[in-house]
Amino acid sequence: MCGIVGFTGTKQAAPILLDGLSKLEYRGYDSAGIAVRDGEKPAEVIKEKGKLKVLADMTNQGKAVKGTCGIGHTRWATHGEPSAVNAHPHSSDDGNVIGVHNGIIENYQEQREKLIKKGYEFKSQTDTEVAVKLVDYYYKKYSQDPIEAIARAMVRIRGSYALCVMFKDFPGEIYCARKDSPMIIGIADGESYVASDVPAILKYTRNVYYIGNMEIAKLEKGNVTFYNIDSEVIEKPLTEIKWDAESAEKGGYEHFMLKEIHEQPKVIRDTINSVVTDGKVHFDSVNLTDDEMKSIDQIYIVACGSAYHVGMDLQYVIESLTSLQVRVELASEFRYRDMSLRKNSLVIVISQSGETADTLAALRMAKDNGVKTLGIVNVVGSSIAREADNVFYTLAGPEISVATTKAYSCQLVAGYLLALQFAKAREEITDEHYNELLAEINTIPEKIEKILENKERLQWYSNKLINITDAFFIGRGIDYAIGLEGSLKLKEISYIHSEAYAAGELKHGPISLIEDGTIVLSVVTQTKLIEKTISNMVEVKSRGAKVMAVTTAGNYFLEDTAEFVCYIPQIEPLFAGSLSVVPLQLISYYVSIGKGFDVDKPRNLAKSVTVE
Ligand code: G6P
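As a starting point, this report considers the structure included with it. Worth saying up front: this structure is predicted, and the values here are computed from it rather than measured. (Residues numbered from 1 in each chain as written. Predicted model: local features only at pLDDT ≥ 70, side-chain atom pairs only at ≥ 80, totals over all residues. Heavy atoms only, no water.)

Quick word on the site of the ligand
Note the following rule: Throughout, near means a residue has at least one heavy atom within 4 Å of the molecule or strand. Each polar contact in these results corresponds to two N or O atoms within 3.5 Å; when the atoms are within protein, one needs to be able to donate a hydrogen and the other to accept it, and residues that are neighboring in sequence are counted only if both atoms are side-chain atoms. Accessible surface area values rest on a Shrake-Rupley calculation with a 1.4 Å probe, where residue burial reflects the displayed protein chains alone. Lining residues are defined by having an atom within 4 Å of a point belonging to a cavity or pocket. Those points lie on a 1 Å grid over the protein atoms alone, cavities being sets where a 1.4 Å probe fits but cannot get out and pockets being open sets with protein on both sides within 12 Å along at least five of seven lines. If over half the atoms of a molecule are within 2 Å of the grid points of a cavity or pocket, the molecule is regarded as sitting in it. For this classification, the nonpolar set comprises Ala, Val, Leu, Ile, Met, Phe, Trp, Tyr, Cys and Pro, the charged set comprises Asp, Glu, Lys and Arg, and every other residue, Gly included, is treated as polar.
The local shell around the ligand holds 13 residues, among which Ser306, Ser351, Gln352, Ser353 and Thr356 are the closest. Contact distances for the ligand include 3.0 Å between an oxygen atom and a backbone N or O atom of Ser306. Between an oxygen atom of the ligand and a side-chain N or O atom of Thr356, the distance comes to 2.5 Å. When the free accessible area of the ligand is taken as 380 Å², the share hidden by the protein chains comes to 90%. More than half of the atoms of the ligand fall within 2 Å of the grid points belonging to the largest pocket. Of the residues belonging to the shell around the ligand, the class tally is five nonpolar, seven polar and one charged.

Here you go:
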């Protein structure tokens, strides 16, 4: 939540900062600000409530602000309402230190009171202003050394932060510190960049450093020096980012979400190809050996949001193909659960960003308990990718739309491959069945393409849903897991109240909410359970519900019950979720744009939830 950027070089900083922030708006968009320095002059600070466009208009797209060194921020409010005063950058009373921050300072009240006693005044309600003034306090109290001042503040601060500050006495320099919030540093000829995420700087450089936890960096034009918390210089390897700059642009699509839905066939194919060669899954890059897979008897899948829904689907797949017990947990619950983790277990954390605070904490909790961990992660070099014992990278590329689509789909396919490999390593599948299932997984990309070819029909149906106030998604087994994701997609971008229920649970409560015209979207792909789900559809229909169904081609009899049926190509039912989710993504997208909402940036949400 919140996006930060910084630049120092010879070009004008403000347009670069605004451009970078535009790529980070998915991280927060209730207010934005920049601080730019022109040589030795004090920084000019411009900040305002509202989306980035307001700031861009105020500064004539940055052209009205002169200077070659600056920092910028797009905010998702935690402490203090969205307002110009609470927007970043924040500065010390005399402008000595100016900073932007992503994260949460947990003990900010205590630090604020201490600073007030020392004579500091506070303009905003933010924890960031406390961090900036704390740095200013130590800078003035001790040797007027930026690194030492930041290190002293870091020791006092509890919480998470990616912090970028400029000091009046050090023109052309930006100082950064990080703990548990994402931050990368980019370098090019005579230019240095800092950002919360790669897309913000991809246009300018592919060469990045990953700054570690409790580390500090000093950025000068084209040069970066890293320090540990003891202010000692440390070396960091330079990494080349493989994503191309176009992948973080809309590429002719009206919205990122639609573009990302259409990218699914390609990125799923890339993810499959990253571990499948010669008709076999190879996990050398994941670093999980067959012997390890044999010795495990319990899997915990831990994640948040849509990634949790991936886990819900995968539990059916893994339990069906192996003798493993699978438990799926919300990371925010798992991390605080007082329970003993089984010794021979594997904790799989799933995360697109690799930075979700609860998922990261759950991973650390598992490691502290001596349990082996595996991350299914999209962002290379992210905290989860760095800290998990093993990593399976999904190759979804940058995902910009807040509502995930392509990253979700890659996670799901990564999970299928994992399940298959577990079955093989544990000798719980015949070679023939293994080959059949792998061949089925390979058909997923082209089958999604077929679904996308028929999207106009879904758009037509979605238009009928624009004015509904409630929706229910029902299904059994894997279909229930997909219903959970379909329901989340609809509510998060179209603001329609929506619930997903295991179809068999309808009679235990939700059926009392069904009345004339209530919309019930059913997912019906699990061959063994089709008749059961149809019974539930009939039950709600006879109470006035309008029923639609997503089902597999051939199940034409569903048209007797549902007023609208969307067919997905035939596929092994274990993998049907990869196809049935696509029409639900499209329906949510079309309903949202039909209602005139900003589909890529739904209200109150941020893509990367780096606070609890
Ligand atoms: C946010 C995003 C979701 C995502 C969830 C978990 O809520 O909007 O799309 O599923 O966070 O994020 P992660 O990066 O851990 O997958």
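Okay, back to it.
Digging into helix α5 (residues 146–156)
In an α-helix, one full turn covers 3.6 residues, which means residues spaced three or four apart are oriented alike. What counts, and what does not: Burial status follows relative accessibility: with a 1.4 Å probe on protein chains alone, a residue under 20% of its type maximum counts as buried, one over 50% as exposed, and anything between as partly exposed. A run of H or I in DSSP counts as a helix once it spans at least four residues, and a run of E counts as a strand once it spans at least two, with each numbered from the N terminus. For this analysis, residues touch if any pair of their heavy atoms sits within 4.5 Å.
Those residues of α5 lying buried are Pro146, Ile147, Ala149, Ile150, Ala151, Ala153 and Met154. Among the structural elements, α4 (127–141), β7 (159–167), β8 (174–179), β12 (215–220) and β13 (223–227) are those in contact with the buried residues of α5.

Re the packing of aromatic side chains
We count it as follows: Working definition: a ring pair exists when centres of Phe, Tyr or Trp rings (six-membered ring for Trp) sit within 6.5 Å. Plane angles under 30 degrees give stacked, over 60 give edge-to-face, the rest tilted. Working rule: Lys NZ or Arg CZ, within 6 Å of ring centre, within 35 degrees of ring normal, means a charge sits over the ring.
Enumeration according to the criterion identifies 18 aromatic pairs in this entry. Between Tyr138 and Tyr142, the aromatic rings sit 6.2 Å apart at their centres with planes inclined by 20°, giving stacked as the arrangement. Pairing Trp460 with Phe564 gives two aromatic rings, centres 6.1 Å apart and planes at 40°, and the pair type is tilted. In this pair, Trp460 is assigned in helix α15 (residues 455–463) and Phe564 in strand β27 (residues 564–568), connecting sequence segments 104 residues apart. For Phe564, a relative accessible area of 4% corresponds to the buried category. Positioned above the aromatic ring of Phe122 is the side chain of Lys133, whose terminal nitrogen or guanidinium carbon lies 4.8 Å from the ring centre. A cation over a ring is seen here: Arg603 above Tyr495, with NZ or CZ 3.9 Å from the ring centre.

So, the layout of surface pockets
The criterion, for reference: Grid points are joined across faces, edges and corners, and a volume is the space filled by probe spheres set on the points.
When its volume is computed, the largest pocket comes out at roughly 660 Å³. Mapped by element, the contributors of at least two residues to the lining of the largest pocket are α9 (305–321), β20 (345–351), α11 (357–368), α13 (406–425) and α16 (478–494). Take the lining of the largest pocket: its biggest share by element is five residues, from α9. Grouping the amino acids of the lining of the largest pocket by side-chain chemistry returns 16 nonpolar, 12 polar and three charged.

Here we look at the pairing of strand β21 (residues 372–377)
For clarity, the cut-off: We call two strands paired when DSSP finds no fewer than two bridges between them. A clockwise course of the path from the first strand over the helix to the second, judged with the strands pointing away from the viewer, identifies a crossover as right-handed.
In terms of burial, β21 is largely enclosed, as five of its six residues are buried. Strand direction decides the pairing type here: β20 and β21, joined by six bridges, are parallel. When the sheet's bridge partners are listed, Ser351 is paired in β21 with Val377. Since β20 and β21 lie parallel, the crossover through α11 that links them has a hand, and here it is right-handed.

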